[in-house]
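What follows is the residue order along each chain.
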Amino acid sequence: MADIRLEGVGHSYDGGRTWAVRPTTWTWRSGRAYALLGPSGCGKTTLLNIISGLLTPTEGRVLFDGRDVTGVPTAGRNIAQVFQFPVLYEEMSVYDNLAFPLRNRRHPKKDVDRRVREVSRLLGLDPVLGRRSRRLDPGRQQIVCLGRGLVRPEVAAVLLDEPLTVVDPALKWTLRSKLKEIHRDTGHTLIYVTHDQTEALTFADEVVVVNEGAIVQAGEPAELFLSPAHEFVGHFIGSPGMNVLPAELAGGVVRVGGTAVGAGGELPEGPVRIGVRPEFVAVGGAPASPGAPARVTGVDRMGAYDLVHAVVGDHPVIARTEAGAGYAPGEAAFLHFPADRTFLFRDQVRCGSLAPLSEGGAG
Ligand SMILES: Nc1ncnc2c1ncn2[C@@H]1O[C@H](COP(=O)(O)OP(=O)(O)OP(=O)(O)O)[C@@H](O)[C@H]1O
């Protein structure tokens, strides 16, 4: 295992006209389980291929434990990679497929057998170990690929590119927890690419969120949820995503339309955007700062909770309330934005928090 450092790494497929990955500096720490999360086309696969050596970056250096491997091909990097769709030796048995990476590196026969059986047991492959791979359905074949990626204990990292796409949804949960178990067992560095927030949040020690070729925030799942540093993280993580309200900061007061909703601290004056997750917007009758008067426009009954849709001026806001809280369209309500969970953004980047207005503050 190794710390994998990207130093100013950027990649362009069109001679520098656009960046698939913008120049980025980032270190993947040895032994951690990462999810690389972002929408389709944001550059996840490009980043992964740069780490594995399938792609040489247009700019920057890739270092494994301080050793520059930028020009070293995949074979020289000691990386295991699992792709979105199964890539197997179809005529080989499942056992031989799992054993292949170990035999290839001349591990002793006894170790090969022990390791293959461990991985097979963990992934539930024991009943098909003797079967030819091509006789398995694609979901099972992909599980064999996962096993093959995880079988070598000494790899620098295991890179998984949306590895559960072809696997039956019911099996996905089981496999993700198996992956975590194997991770605890082997201490591999895992980098798991996905566009699915649930997959990322339930799998990883640390989630690295990518948008438009740049890492916009990395952190533990709770940190990304509670403390988004970028508007994109607020939208992309959470369901529904973070509310964003355009506002204006002047004289220390943040206003939406003409209404003062809170204080902006020491931030320079000008336009700001208020971000607060539906889970933290409290709906009530009494004004409380920070907050804003609103009108309810609709209620979605979700079973375990309600989503109350409202407008502050013209701007929509969603609040998650307990089920059956009884709000009705057309009703006036006051939305309270808790100061420790309501952030201010400029150019999409968090720049502060919305503070309470002091007693007698401008209204
Ligand atoms: N071989 C290529 N040649 C030209 N452009 C490419 C190539 N591969 C990717 N791109 C472009 O680079 C950008 C990033 O693509 P990449 O596949 O890394 O994103 P991704 O986040 O993995 O997306 P997905 O989840 O859809 O696989 C996209 O705009 C894509 O169209």
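The structure reproduced in this document is the subject of the present report. (Residues numbered from 1 in each chain as written. Predicted model: local features only at pLDDT ≥ 70, side-chain atom pairs only at ≥ 80, totals over all residues. Heavy atoms only, no water.)

Topic: the packing of helix α3 (residues 109–123) against helix α5 (residues 169–186)
And then number 1: Two elements in contact, α3 and α5, have axes separated by 9 Å at closest approach and are oriented at 145°. From α3, Arg 115, Leu 122 and Leu 123 reach across to α5, where they touch Leu 175, Lys 178, Glu 181, Ile 182, Asp 185 and Thr 186.
And then number 2: Its residues placed into classes, the contact of α3 with α5 shows four nonpolar, one polar and four charged. (Axes fitted to C-alpha atoms, helices over the stretch in contact; angles between N-to-C directions. Helix = DSSP H or I, 4+ residues; strand = E, 2+ residues; numbered from the N terminus. Contact = heavy atoms within 4.5 Å. Nonpolar A, V, L, I, M, F, W, Y, C, P; charged D, E, K, R; others polar.)

A few points about unusual backbone geometry
And then number 1: Each neighbour pair has its own omega, and for Ser 239 with Pro 240 the value is -5°, a cis peptide bond.
And then number 2: For the peptide bond that leads from Ser 289 to Pro 290, omega is -5°, which places it in the cis range.
And then number 3: Looking at the secondary structure, you find Pro 290 in the loop between β15 (282–284) and β16 (291–301).
And then number 4: The phi dihedral of Glu 162 falls on the positive side, at around 45°, and the residue is not glycine.
And then number 5: Note that Glu 162 resides in the loop between β7 (157–161) and α5.
And then number 6: With a phi angle near 45°, Glu 212 is a residue other than glycine that sits in the positive phi range.
And then number 7: Here Glu 212 lies in the loop between β9 (206–211) and β10 (214–219).

With respect to the environment of Gln 141
And then number 1: Along the chain, the position of Gln 141 falls in helix α4 (residues 138–150).
And then number 2: Its relative accessible area of 10% is what places Gln 141 among the buried residues.
And then number 3: Sequence-wise, Gln 141 and Val 166 are 25 residues apart; in three dimensions their C-alpha atoms are separated by 9.4 Å.
And then number 4: Beyond its immediate stretch of four places on either side in the chain, Gln 141 contacts Pro 86, Leu 88, Glu 90, Ser 133, Arg 134 and Leu 136. (Buried < 20%, exposed > 50% of the residue type's maximum accessible area, 1.4 Å probe, protein only.)

Description of α3
And then number 1: Look at α3: 21 Å from first C-alpha to last across 15 residues, which is about the 21 Å you get at 1.5 Å a residue.
And then number 2: The complete set of buried residues in α3 reads Val 112, Arg 115, Val 116, Val 119, Ser 120, Leu 122 and Leu 123. The buried side chains of α3 occupy one side of the element, clustering within an arc of 165° when seen end-on. In α3, the exposed positions angled more than 90 degrees off the buried face are occupied by Lys 110 and Arg 121. (Expected span 1.5 Å × (residues − 1). Arc of directions from axis to C-beta.)

Everything listed here is a matter of coordinates, which is why it stays silent on function.
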